[in-house]
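Structural description and commentary
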Amino acid sequence: MNRLKYTIFFLCFSTALLLYCTGCQSEEQKNTVAVAENSPKDVYDTQVKLPDTEGAELFTTGAEAFKANCITCHSLRYIQMQPDFPEKTWQKIVDKMAKSFGAPISDSTSKAIVRYLVAIKGKK
Amino acid sequence: MGVKIKKRFKNSFLGLAAWLLLAGFASCNSGEKQPASKVVPDELVTAEGKKEMILLTDRPLNLETPLHYFLYDFTPNDEFFVRWHLSNMPAQVGLDTFRLRISGHVSKPLSLSMSDLKTKFKTVSINALAACAGNARSFCDPRVPGGQWKNGGMGNAKWTGVILKDVLSMAGVKPGAKSVSFNGMDEPPLPSVPDFVKSLTVDHATDGEVMIAYEMNGEPLPLLNGFPLKLVVPGWYATYWVGMLNEIKVYPDTFKGFWMDKAYLVPKGVANGNEKPDSLAKDMTPISRLDIRSIFVVPEQGSVIAAGQICKMQGLAFDGGYGITKVELSTDSGATWVQASLDNDLGKYSWRRWRYTWQPASQGTFTFYVKATNAKGETQPWHHWNRSGYMRNEIESLQIKVEKSK
C-alpha cells in the first residue's frame, strides 16, 4: 500500500514538475485534473474523521424507542431474521405496526425507530 | 409466554462451509439464482414438546421443520412446524375446565368439553397438508418482509376429530347465516392489537370436510400446534387452521376483522396470487386454497456426487385438493421434461411423494427443475412473486455437482 502511495505521490509530483517546466498546455491540463481528483483519498488517507455524535445519539434514541414500543409484542429477533431493507420499506413496516397492528407509536417515535432499523438492517 | 426454549447454534462451521460452497457454485454458474436462505446458517432450538427445529422467531414462537424430516410421509408431531401470531398464549391448557363455545346466529349456543366432543359426535380422520401461507418466503426475489421460511413451514398429518358441520348442526345455525369465525386462546399482548380471528363462509364451514381436530398422527396435538383443538380446513392455507380453538361464532352477515380484511390478502383473480414489484395489484382478496407446488427433498441443494453413481432423488408435490397427477424434472431449463414416479396417493389433501433415479454419466454442475401438474391441469409458473411472499409456487431448482468417479 505504501508503495502505491509513493507511486501516486511521485506521479503527482512529476506531473506538477512537468507542468511547471512545460507551461500549461491543454493536454497536460487534462492529466492534472485527473490526478488531482484521485489524489486526496490516496495521498491524504490520515484525514481525521470527527465522531458522528449526532448519529450515535439518534441510534441510542432509536434503540430505546424500539425497546419501549416494539418488544411488548415481539422480540428483536423479528428484525434480525429479516433481510436488509431500504428505509422506505422499514418506514412502511413501522407504519403498518402503528396503524394496523395497534402499536401505540407516535410519529416522532416512529422516525426514531425507523432510523434504528435502518442502522441494524438497512439496505443502501 | 411460559414455553421453554433451549437455544444452540448448530453447524455454524458447516453453515459457513455450505455458504462458501454455494458461493463457489455461484461463480461457476453466474446466471443461476442462489437460494437466499442458504446465506444464514440455521439456528436450531428445542422448544417444549419438540425436538430440534429451526428458529425463526422466539416471541411469538415460530419454528421451521428441517427439510430431512420430509422423508417421512407424515411429519412427526415433535418436528411439525410452529406458527403463532400473538405472544400472549397459554403455556398450558387444563382439560377439566376447557370448553369450546359456539354462539352467535344459532338457536342453541353450546359449551362443549373435550369429553362432549369425543362422545357426542362422529369421529373422523383425514390426511391433510398444513402449509403456511408464507412458506418459502425467503426465496422471494426481491425479498419481502415477514417470517423468512424456507420449505419447512408445512407438514403433513393424519388429523382426527369431529366434523365442524356436525357441531354447527347441534348448535342449530339460524336461517340467513353467512359466515363463521374461529378464535383461539392466544391473545394480543396489548388491547389495541387485533386478536387473531379467522372466518369461513357458512357454506364452506358446513361442507362436511372442515373439521375440529383433537389428534394429530394418533396423538393429542402438541401444545405448540394448538392443543387441545385445531380447526382443519383441508386444501386451504394453514392461516385458517386456528389452534387452541375455543370460540366459534356464527354471523348473519360477512365477518369483519383485521386478520380477514387487512392481513393475509393476495391479488384477486390472478393465478398463484402473482404480481410485479413495480405494478402492485389494486384488487386484493383473502388468501384461500393452496396453489400447486413441488419441492426437492433429496439430495439437498449443492450436493456433490460421483459420475456413474446412482442418485435416488425424491421430493413432494401438493395442491389444494384436486390431486397431483404428474411430476416432471428437467435438466435443460425446461426444454425437455422427464416424468418422475409417484408414490401411493395418501388422499387428495395430503402431499404426494415423487421419486426419480438418476445416474449422471459425465462430470459437471447440473441444475434440475421440478414441476407438478394436477387433475385440473394446473401447473407451476417459472416466476412467482407478490408483496407478502404468499402462495409461493415458482418452479424450484436444485444444483448438483457431479465429480469424476474415483
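Everything numeric in this text was worked out from a predicted model, so none of it was measured.

**A few points about the domain arrangement of chain B**
One frequently used descriptor of interface size is the decrease in accessible area upon assembly of the parts. Residues and elements named next belong to chain B. Domain parsing of chain B yields domain 1 (6–79), domain 2 (100–286) and domain 3 (293–403). Buried area between domain 1 and domain 2, both sides added, is near 1600 Å², and the carbon and sulfur share of it is 57%. A salt bridge links Asp42 to Lys150, with the shortest nitrogen-to-oxygen separation between them at 2.7 Å. If you look at where domain 1 meets domain 2, you find 11 residue pairs in polar contact (both at pLDDT 80 or more). Those elements that place two or more of their residues in the side of domain 1 that touches domain 2 are strand E3 (52–57) and strand E4 (62–64). When residues of the side of domain 1 that touches domain 2 are assigned to their parent elements, the largest contribution, 3 residues, is made by E4.

**What to know about the sheet that holds strand E18 (residues 293–298) of chain B**
Read from one edge of the open sheet, 4 strands run E18-E20-E24-E23 (chain B), paired in antiparallel fashion. Both outer strands of the open sheet, E18 and strand E23 (341–342) of chain B, are each paired with one neighbouring strand and no more.

**Re the nonpolar core**
Residues and elements named next belong to chain B. Counting residues in hydrophobic clusters, the biggest one holds 96 residues, and the most contacted among them are Trp159, Ile212 and Ile248. Here the element with the most residues in this core is strand E8 (residues 123–131); it accounts for 6 residues. Counting residues in hydrophobic clusters, the runner-up holds 20 residues, among them Trp354, Val370, Ala372 and Ile400.

**Concerning the interface of chain A and chain B**
Counting residues at the interface gives 17 residues for chain A, matched by 24 residues for chain B. Between chain A and chain B, a total of about 1700 Å² is buried, with carbon and sulfur atoms accounting for 60% of that surface. Taken together, the links from chain A to chain B amount to 1 salt bridge. Between Glu43(B) and Arg77(A) there is a salt bridge, with its nearest N and O atoms 2.7 Å apart. Applying the counting rule to chain A against chain B returns 12 residue pairs in polar contact (both at pLDDT 80 or more). Breaking the side of chain A that touches chain B down by element, the ones donating at least two residues are helix H4 (77–80) and helix H5 (87–99) of chain A. Grouping the constituent residues of the side of chain A that touches chain B by class yields 9 nonpolar, 7 polar and 1 charged.

**Here's the deal with unusual backbone geometry**
Residue and element names in this part refer to chain B. Of note, the bond from Asp141 into Pro142 is cis; its omega dihedral lies within 30 degrees of zero at 0°. Cis rather than trans, the peptide bond between Val298 and Pro299 has omega equal to -5°. Residue Ala136 is not a glycine yet carries a positive backbone phi of 70°. One non-glycine residue, Asn272, adopts positive backbone phi at about 60°. Relative to the helices and strands, Asn272 is located in the loop between strand E16 (265–267) and strand E17 (284–286). In this structure Asn272 comes out as buried when scored by relative accessible area, which is 16%.

**With respect to the packing of aromatic side chains**
Residue and element names in this part refer to chain B. By the definition in use, this model includes 21 aromatic pairs over all chains. Between Phe80 and Phe81 the ring centres are 5.7 Å apart and the planes differ by 25°, which places this aromatic pair in the stacked class. Across the pair, Phe81 and Phe80 agree in class, each one buried. Seen in terms of ring centroids, Trp358 and Phe366 are 5.1 Å apart; in terms of plane orientation they differ by 75°. Their pairing is edge-to-face. The ring of Tyr240 has Lys198 sitting right over it, with the charged end atom 4.8 Å from the ring centre.

**With respect to H5(A)**
All names here are of chain A. Here H5 contains 13 residues, and its C-alpha end-to-end distance of 18 Å stays within 8% of the 18 Å for a straight helix at 1.5 Å per residue. When H5 is considered as a whole, its buried residues turn out to be Thr89, Trp90, Ile93 and Val94. Taken end-on, H5 shows its buried residues confined to a sector of 135°, consistent with a single buried face. Among the exposed residues of H5, those oriented more than 90 degrees off its buried face are Glu87, Lys88, Lys92 and Lys99. The secondary structure elements touched by the buried residues of H5 are H4 and helix H6 (107–121).

**Some points on the pairing of E18(B)**
Residue and element names in this part refer to chain B. The element E18 is extensively covered by neighbouring structure, given that 5 of its 6 residues are classed as buried. Relative to strand E20 (residues 311–318), E18 is paired through 5 bridges, and the arrangement is antiparallel. Each bridged residue has a counterpart across the sheet, and for Val298 the counterpart in E20 is Gln314.

**Overview of the environment of Pro145(B)**
Examined against the element boundaries, Pro145(B) turns out to sit in the loop between E8 and strand E9 (154–163). For Pro145(B), a relative accessible area of 28% corresponds to the partly exposed category. Each C-alpha atom of the pair Pro145(B) and Gly389(B) lies 8.1 Å from the other, and the pair is 244 residues apart in sequence. Setting aside anything within four residues of it in sequence, one finds Pro145(B) in contact with Gln82(A), Phe85(A), Thr89(A), Ile93(A), Arg137(B), Arg387(B) and Ser388(B).

**Concerning the pattern of salt bridges**
All names here are of chain B. Evaluated as defined, the whole model comprises 16 salt bridges over all chains. Residues Lys326 and Glu328 are paired through a salt bridge, measuring 4.0 Å at the closest nitrogen-oxygen approach. Taking relative accessible area as the criterion, Lys326 reaches 29% and is therefore assigned partly exposed. For Glu328, the salt bridge goes to Lys371, with nearest N and O atoms at 3.9 Å.

**As for the confidence of the model for chain A**
It should be kept in mind that the predicted coordinates are not to be read in detail where pLDDT is low. Residues and elements named next belong to chain A. Averaged over every residue, the pLDDT of chain A is 71; the share at 70 or more is 56%. In the model of chain A, helix H2 (residues 26–43) stands out as the element of lowest mean pLDDT, 38, in contrast to H5, which has the highest, 96. Here residues 15–47 is a poorly scored stretch, pLDDT under 50, and it has 14 contacts once near neighbours within four places are set aside; other chains count.

**Side note on the packing of H5(A) against H6(A)**
Residue and element names in this part refer to chain A. As a packed pair, H5 and H6 sit with axes 9 Å apart at the nearest point and diverge in direction by 135°. On the basis of the axis angle, H5 is oblique to H6. Our pair here, H5 against H6, has a crossing hand that is right-handed. In this structure, H5 uses Glu87, Trp90, Gln91, Val94 and Asp95 to contact H6, whose residues at the interface are Ser110, Ile113, Val114, Leu117, Val118 and Lys121.

What counts, and where the lines are drawn
- Residues numbered from 1 in each chain as written.
- Chains lettered and ligands numbered in written order.
- Predicted model: local features only at pLDDT ≥ 70, side-chain atom pairs only at ≥ 80, totals over all residues.
- Heavy atoms only, no water.
- Domains from an automatic or database assignment.
- Buried area = accessible area lost by both parts, 1.4 Å probe.
- Salt bridge = Lys/Arg side-chain N within 4 Å of Asp/Glu carboxyl O.
- Polar contact = N/O pair within 3.5 Å; in protein donor to acceptor, adjacent residues only side chain to side chain.
- Helix = DSSP H or I, 4+ residues; strand = E, 2+ residues; numbered from the N terminus.
- Pairing = 2+ DSSP bridges.
- Core = buried A, V, L, I, M, F, W, Y, C linked by side-chain atoms within 4.5 Å.
- Buried < 20%, exposed > 50% of the residue type's maximum accessible area, 1.4 Å probe, protein only.
- Contact = heavy atoms within 4.5 Å.
- Nonpolar A, V, L, I, M, F, W, Y, C, P; charged D, E, K, R; others polar.
- Phe/Tyr/Trp six-rings, centres within 6.5 Å; stacked < 30°, edge-to-face > 60°.
- Lys NZ or Arg CZ within 6 Å of the ring centre and 35° of its normal.
- Expected span 1.5 Å × (residues − 1).
- Arc of directions from axis to C-beta.
- pLDDT = per-residue confidence, 0-100.
- Axes fitted to C-alpha atoms, helices over the stretch in contact; angles between N-to-C directions.
- Parallel < 35°, antiparallel > 145°, perpendicular 65-115°, else oblique.
- Left-handed = near helix turned anticlockwise from the far one by under 90°.

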